[in-house]
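Each chain, written out:
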Protein chains: 2
Amino acid sequence: VEAGDAEAIAAALEPMHPADISDMLEQISAGQRQALVTLYPEGIDGDVLSELEEGVREEVMDALPRQALAEAVRELDTDDVVDIIEDMEDHDQAFILGALESDDRAAVESSLAWPEGSAGRLMQSETVAVPQDWTVGQTIDHLRSAEWLPDQFYHVILVDERHRPTGYATLGRVLAAKRDVLMAAITEDSFRAIIATEEQSEVALMFNKYHLISTPVVDGSGRLVGAITIDDAMIVLDEEHEEDMLRMAGVGDESSLSDGVWDTLRQRFPWLAVNLVSANIAAGVIGMFEGTIALIVALAALMPIVASMGGNAGTQSLTVAVRALATRDLTPSNAGRVVRREIFVGLFNGLAFAVIMGGIAWALYGRDIWLGVVIAAAMVINLVVAALAGVLVPLVLSRLKLDPALASGTFVTTMTDVVGFFSFLGLATLVLV
Amino acid sequence: VEAGDAEAIAAALEPMHPADISDMLEQISAGQRQALVTLYPEGIDGDVLSELEEGVREEVMDALPRQALAEAVRELDTDDVVDIIEDMEDHDQAFILGALESDDRAAVESSLAWPEGSAGRLMQSETVAVPQDWTVGQTIDHLRSAEWLPDQFYHVILVDERHRPTGYATLGRVLAAKRDVLMAAITEDSFRAIIATEEQSEVALMFNKYHLISTPVVDGSGRLVGAITIDDAMIVLDEEHEEDMLRMAGVGDESSLSDGVWDTLRQRFPWLAVNLVSANIAAGVIGMFEGTIALIVALAALMPIVASMGGNAGTQSLTVAVRALATRDLTPSNAGRVVRREIFVGLFNGLAFAVIMGGIAWALYGRDIWLGVVIAAAMVINLVVAALAGVLVPLVLSRLKLDPALASGTFVTTMTDVVGFFSFLGLATLVLV
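Residues numbered from 1 in each chain as written. Chains lettered and ligands numbered in written order. Predicted model: local features only at pLDDT ≥ 70, side-chain atom pairs only at ≥ 80, totals over all residues. Heavy atoms only, no water.

Novice: Got a minute to help me understand the environment of leucine 171 of chain B in this structure?
Specialist: Relative to the helices and strands, leucine 171 of chain B resides in helix H12 (residues 171-176). Accessibility expressed as a relative area gives 3% for leucine 171 of chain B, which makes it buried. For the pair leucine 171 of chain B and histidine 155 of chain B, spaced 16 residues apart in the sequence, the C-alpha separation amounts to 5.5 Å. Here leucine 171 of chain B is in contact with Leu171, Gly172 and Leu175 of chain A together with Phe153, Tyr154, His155 and Val156 of chain B, once residues within four sequence places are set aside. (Helix = DSSP H or I, 4+ residues; strand = E, 2+ residues; numbered from the N terminus. Buried < 20%, exposed > 50% of the residue type's maximum accessible area, 1.4 Å probe, protein only. Contact = heavy atoms within 4.5 Å.)

Novice: It is not clear to me how the domain arrangement of chain A should be interpreted in this structure. Could you clarify?
Specialist: By a widespread convention, an interface's size corresponds to the accessible area lost as its parts come together. Residue and element names in this part refer to chain A. Each assigned domain of chain A is listed with its residue range as follows: domain 1 (6-113), domain 2 (129-248) and domain 3 (261-432). In this assembly, 7 residues from domain 2 lie in contact with 12 residues from domain 3. Roughly 770 Å² of surface becomes buried between domain 2 and domain 3 when both sides are summed, with 54% attributable to carbon and sulfur atoms. Of all residues in domain 2, Asp244, Arg247 and Met248 bury the most surface against domain 3, accounting for 70% of the area lost on that side. Taken together, domain 2 and domain 3 are joined by 2 salt bridges. (Domains from an automatic or database assignment. Buried area = accessible area lost by both parts, 1.4 Å probe. Salt bridge = Lys/Arg side-chain N within 4 Å of Asp/Glu carboxyl O.)

Novice: Please clarify how the confidence of the model for chain A should be interpreted in this entry.
Specialist: Should the pLDDT be low somewhere, the predicted coordinates at that spot are not to be read in detail. Residues with a pLDDT of 70 or more make up 98% of chain A, whose mean pLDDT is 88. Per-residue pLDDT, averaged within each element of chain A, yields its smallest value for helix H1 (residues 6-13) of chain A (78) and its largest for strand S5 (residues 214-218) of chain A (95). (pLDDT = per-residue confidence, 0-100.)

Novice: Explain the nonpolar core here, please?
Specialist: Among soluble globular proteins, nonpolar side chains are generally buried collectively. Counting 82 residues, the largest nonpolar core has Phe424 of chain A together with Phe424 of chain B as the members making the most contacts within it. Those residues in contact with phenylalanine 424 of chain B that sit more than four places away from it in its chain are Leu299, Leu302, Met303, Val306, Val374, Ile375 and Ala378 of chain B. The next biggest cluster of nonpolar side chains, apart from the first, holds 47 residues, and it includes Tyr168 and Val236 of chain A together with Phe207 and Ile213 of chain B. (Core = buried A, V, L, I, M, F, W, Y, C linked by side-chain atoms within 4.5 Å.)

Novice: What is the right way to read the environment of arginine 340 of chain B from this model?
Specialist: One can find arginine 340 of chain B in helix H18 (residues 332-364). In sequence terms arginine 340 of chain B and isoleucine 286 of chain B are 54 residues apart; their C-alpha atoms lie 31 Å from each other.

Novice: Explanation requested: a negative patch on the surface in the structure shown.
Specialist: Residues and elements named next belong to chain A. A surface patch of negative charge is lined by Glu54, Glu58, Asp62, Asp87, Glu89, Asp90, Glu116 and Glu254. Looking at which element gives the most residues to the negative patch, the answer is helix H5 (residues 54-63), with 3 residues. For aspartate 87, the location among the structural elements is in the loop between helix H7 (78-85) and helix H8 (90-99). (Patch = residues over 30% accessible without salt bridge, like charges linked within 9 Å, V, L, I, M, F, W, Y side chains within 5 Å. Areas by Shrake-Rupley, 256 points an atom, 1.4 Å probe, with all protein chains shown as cover. Lys, Arg positive; Asp, Glu negative; His and termini not counted. Charge placed at Lys NZ, Arg CZ, Asp CG, Glu CD.)

Novice: Looking at this structure, how should I read the interface of chain A and chain B?
Specialist: At the junction of the two partners, chain A supplies 112 residues and chain B supplies 113 residues. Both sides together, the interface formed by chain A and chain B hides about 10,100 Å², and carbon and sulfur atoms give 65% of it. On the surface where chain A and chain B come into contact, there are 10 salt bridges. Among the ionic pairs, arginine 268 of chain B bridges to glutamate 342 of chain A, the shortest N-O distance being 2.8 Å. Counting across the chain A and chain B interface gives 39 residue pairs in polar contact (both at pLDDT 80 or more). A total of 18 residues in the side of chain A that touches chain B trace back to one element, the largest contributor, which is helix H17 (residues 298-326) of chain A. The residue inventory of the side of chain A that touches chain B, partitioned by class, reads 64 nonpolar, 26 polar and 22 charged. (Polar contact = N/O pair within 3.5 Å; in protein donor to acceptor, adjacent residues only side chain to side chain. Nonpolar A, V, L, I, M, F, W, Y, C, P; charged D, E, K, R; others polar.)

Novice: So what exactly am I meant to see when it comes to the relation of the copies chain A and chain B here?
Specialist: Expressed as a screw transformation, the operator carrying chain A onto chain B has a rotation angle of 180 degrees and an axial translation of 0.0 Å, and the superposed copies differ by an RMSD of 0.1 Å. Such a turn and shift between the copies fits a two-fold axis. (Least-squares fit on C-alpha atoms with pLDDT ≥ 70 in both.)

Novice: Teacher, can you tell me more about the sheet that holds strand S3 (residues 165-170) of chain A here?
Specialist: All names here are of chain A. Pairing within the open sheet is mixed, and its 3 strands lie in the order S1-S2-S3. Both edges of this open sheet fall to strand S1 (129-131) and S3, since each of them pairs with a single strand only. Across the sheet, the axes of successive neighbouring strands diverge by a mean angle of 30 degrees, strand direction being ignored. By the bridge criterion, 3 bridges tie S1 to strand S2 (residues 155-159) in an arrangement that is parallel. Its bridge partner lying in S2, valine 130 is registered against leucine 158. (Pairing = 2+ DSSP bridges. Axes fitted to C-alpha atoms, helices over the stretch in contact; angles between N-to-C directions.)

Next comes the structure, spelled out in structure tokens:
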């Protein structure tokens, strides 16, 4: 299709959902993308832009004629505009802001005034609010006469005379109520307002926990400044999750599938460098026992087993702990119980694998039974340490207000490598030499 | 508080949100839970039950008097009842079904008839549907006269004479339109119906991708049987995430923080056993080169570095690939490009760390420069293999219709361990001995 036939492209894109167009744009190569955007800029409307992931979006916006770009942005809700321009350079940001109508521009600018990653950046400034003493009939008449309503709204927010939200009613209730019923009589218990400076991740957890659909956002003095809807919260939750997963694996959290070789290298190199240091520490531990290994070479073959079992058991505990911290299931009040459980699990698993591996070592590597005893003892020690490290490292990171996912994988495996090699080779030196 | 003072407990629980009560129940110990439920069964209503995670919920339901349990269940929407009873034993299921009113019972039973993990199990059977030729006024009058409406509904669904959905209108549009406007004139483009047999994970991705709020569910003949709302989709998405994360780490995907020692052991033991086998394979590879190690003991200290760097690089590629498969960003059409990128990244990282580690080995472990050359070459080989394995293993698993997250971590690290040890010790045997 990219043979230059603009009409064929137009016909193909016309019936597609913006999310599908953006998926398609992300999957084709950069060259094809460039060609497509140049041939048929009309296909790239605001919704397509806001669906694109950041790297690809920058490319597409650079390729779009300025006029088409301005039109695309003008049709978006203010929260989507904020999402698009918050990471832009000043120069480009000014162009987009200039393209907006003055109301929208003011809304976008005030949203940008809130800190990055805050609820203020996530909210749409378009809300539907009525005085708290109105009736259902007044509200419906007001909505019917409104020139414009937000694409998305699920509640009518009640505000007092100083524009502070005091409750909200679902549209379903408004529709089902008689006209003379007071709005205040059909409000929901679930009502809670979010302060614009709240972290987006907290907002997402709150939506998930309390099954919220939309919630008003207020400024420091309690005045209504916008609303956050569940679809935005769902996207934040999804991103937070991605971040945790990528961070645990030591991949930059901005990583994406459409990044080029160079970006990918830049994200992954630092973590591999950290791992190189920690691997050299473990090698140093082994180096301390070169004399022992020279006497009993079988130790060299067996030692990675102890380290590997520790690394795996540590990763198990770690993953459960990082996840539980992210969902706020692991708290100071149950941390003691969880740590205790991990110690027991480590101990029992350690004992079980000690017996199995001790038997294997004795059977395969001959020598006297003491080789089996040494590897068994090292296995118990390392699995207990692994279980403990897996839960304590993220707990400590989170106590230090750091992200528990960040590099905790490397921390834990360094610990299990060092303890594994040291306990196994140390015991071997004491017992076998 | 658990000193037996039922009134104090009642006073404390009264103002709490069900989600907070359930969080609290999950965090206290099993003994305290038992005591609390026995002292104050009225505090455990249906909403609290449906918020609880499965293990804890079973405990609480066993402790609740039957009468209180029946009342708690009766007040729930049918989708929540289905969620609670789908994993119960027949005997208990029959009791709960018996406690429901006959309408609800029929709805729950028909929902249970759909396969586990399908959209049919996730939907609520309560929907708001009107004939497609109605006006806004007719619809509002109908809603006002309805005896009962679902807690959650965001659209009015239009159906044809055979009860097949043909479109939907947001409540906001219904409210804002004049009474004589036809419902068909204010429907949304985003309308799409889900077949009840669709997988829940696909439904969740669809909600996320197309920013849906609620969507009608139809049976095989296209008739409306229920609706799924975004809060349920959000929970599924969250569970899918958790499953991926836990599976990659080799932790049973049913794992939860409130599991006891025994359950946790049962979930983790099998994966550690798999790892024991793979670690023994790697040990076997080392064993092949015992003669070489006996001659140059420094190899024993250096070999885990090559393996560890490979394991880390493999985990990086793997995590990105598993995540991209889960979000459907990695597809057959761009798999080739992604694999090519990973090879280049592996090659460049391999070359960089080869130079660094070659230098370190030469400086620290003396001997001739050839030890540095050997570890450098092994590093390049292993990092390329790691990058390839990280993306190919999940791709192959997904092609085989298996979960790409499942045990792929163990697969990849086994491969990098074996290749790391073999290439390093093999090259050392060829070059240094």
